[in-house]
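Now for the letters of each chain:
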Amino acid sequence: MKQYIVIGCGRFGASVATTMHLLGHQVMAIDKGEEIIQNIADKVTHAAIVDVTDEQSLRSLGLGNFDVAIVAIGSDIRASIMATLIAKEMGVSQIVCKAKDELQAKVLYKIGADRVVFPERDMGVRVAHNLVSDNILDHIELDPEYSIVEIVTPTSWVGKTLVELELRARYEITVLAIKTGKSINVTPAPDEELKSGSILVVIGQNGKISSIASENKDLIRRK
C-alpha cells in the first residue's frame, strides 16, 4: 500500500487527505496551523504541526519514505516551491502540486513536480459548462481540446443502439459508461439500447461534445 503525505491542509488539502484516508490509504497531513491540524487529526492516519519550508522538520518526519507527496499550497508560492524542492531532493517518487496559475505550474514542473492541478480553475470550467447547457451534467477537462463529460441522452438517440448511432464516426466520441437510475454500466455493449433519461459518460473533443448538447434543446430536470 502506498504511503501519502499531504503538505498544507487548507480546504483543498484537507479534502484530499480525508478522502484518501476514507478510501483506505495511509495518509499523513501536515500544516503549520495548530487549529487546522487539530481539526483533521482524527480524519487521517497521522497529523503534525510542521513548517513546510523547514527542511530539517520534513526530514524528521521521514518525508523520503512516502511514495506520494501532495503539495496542496496554492497562495504561498514560496512555501509551495520550497516544499516541492525538498520533497524532490528527499526522493519522493511522485509529487502532485496545487497551483493558482500557469506561471506557478511552470515553475513547479521545472523543479520536479510530476503533476500540477488547478482546483479553482477546474471547478470554474465545470460550473461554466453546467450553466450553459441543460444537457451537460458534469465536465472534466483532460486538456484544452478533450474532456470527459456526463450528458443526458438526447431525445433523438432514445431507443437506438450505440452501433446504430455511429457515435465515433459522426461525433468522434466514445461512450465510457451509461447510468440509468442507480445502476451504471461501465462496459456498454455495441447493441446497448439507450433509454430516456439515461446519462452517458463520454470522452471526446470539446467542440464535438458541445454540438451534441446543442442538438437536444429539451429541458432536462436533473436528479
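Refer to the structure printed above.
Remember, it's a predicted structure, so these values are computed and weren't measured experimentally. (Residues numbered from 1 in each chain as written. Predicted model: local features only at pLDDT ≥ 70, side-chain atom pairs only at ≥ 80, totals over all residues. Heavy atoms only, no water.)

Another point: the overall build of the chain. Looking only at helices and strands, the chain has nine helices and 11 strands in total. Among the 223 residues that make up the chain, the fraction classed as buried is 42%. Considering only residue pairs separated by 6 or more positions, the chain has 54% of its internal contacts joining residues 24 or more positions apart. (Helix = DSSP H or I, 4+ residues; strand = E, 2+ residues; numbered from the N terminus. Buried < 20%, exposed > 50% of the residue type's maximum accessible area, 1.4 Å probe, protein only. Contact = heavy atoms within 4.5 Å.)

Quick reminder: α-helices carry 3.6 residues per turn. Residues three or four places apart thus point the same way. For helix α5 (residues 102–110), the full list of buried residues reads Gln104, Ala105 and Leu108. All buried residues of α5 project into a common sector of 100° when viewed along the axis, lining one side. Exposed side chains of α5 directed beyond 90 degrees from the buried face belong to Glu102, Leu103, Lys106 and Lys110. As for α5, its buried residues are in contact with α4 (77–89), β5 (94–98) and β6 (115–117). Measuring from the backbone nitrogen of Leu103 back to the side-chain oxygen at the start of α5 gives 3.2 Å, which picks out Asp101 as the cap. (Arc of directions from axis to C-beta. Polar contact = N/O pair within 3.5 Å; in protein donor to acceptor, adjacent residues only side chain to side chain.)

This next bit is on the nonpolar core. Of all hydrophobic cores here, the largest spans 28 residues; its most connected members are Ile5, Ile7, Ile30, Leu63 and Val116. Contributions of two or more residues to this core are made by β1 (3–7), β2 (26–31), β4 (68–71), α4, β5 and α5. Element by element, the count of residues in this core is highest for α4, at four residues. Among the nonpolar cores identified, the runner-up in size contains 16 residues, and Val16, Met20, Val27 and Ile37 belong to it. (Core = buried A, V, L, I, M, F, W, Y, C linked by side-chain atoms within 4.5 Å.)

So, on to the pattern of salt bridges. Applying the stated criterion across every chain yields a total of two salt bridges. For Lys179, the salt bridge is made with Glu150, and the minimal N-O distance between the two is 2.7 Å. Taken as a pair, Lys179 in strand β9 (residues 173–180) and Glu150 in strand β8 (residues 146–152) lie far apart in primary sequence, 29 residues in all. For Lys179, a relative accessible area of 24% translates into the label partly exposed. (Salt bridge = Lys/Arg side-chain N within 4 Å of Asp/Glu carboxyl O.)

A few words on the sheet that holds β6. Reading across from one edge, β3-β2-β1-β4-β5-β6 is the order of the six strands in this open sheet, with parallel pairing throughout. Of all the strands in the sheet, the pair left with one neighbour each is β3 (46–49) and β6. The average undirected angle you get between the axes of adjacent strands in this sheet is 15°. Sheet strands touched by α4: β1, β4 and β5. Its angle to β5, the strand with the most contacts, is close to 175°. The sheet strands contacting α5 are β5 and β6, and the helix crosses β6 at an angle near 160°. (Pairing = 2+ DSSP bridges. Axes fitted to C-alpha atoms, helices over the stretch in contact; angles between N-to-C directions.)

Just geometry here; none of it tells us what the structure is for.
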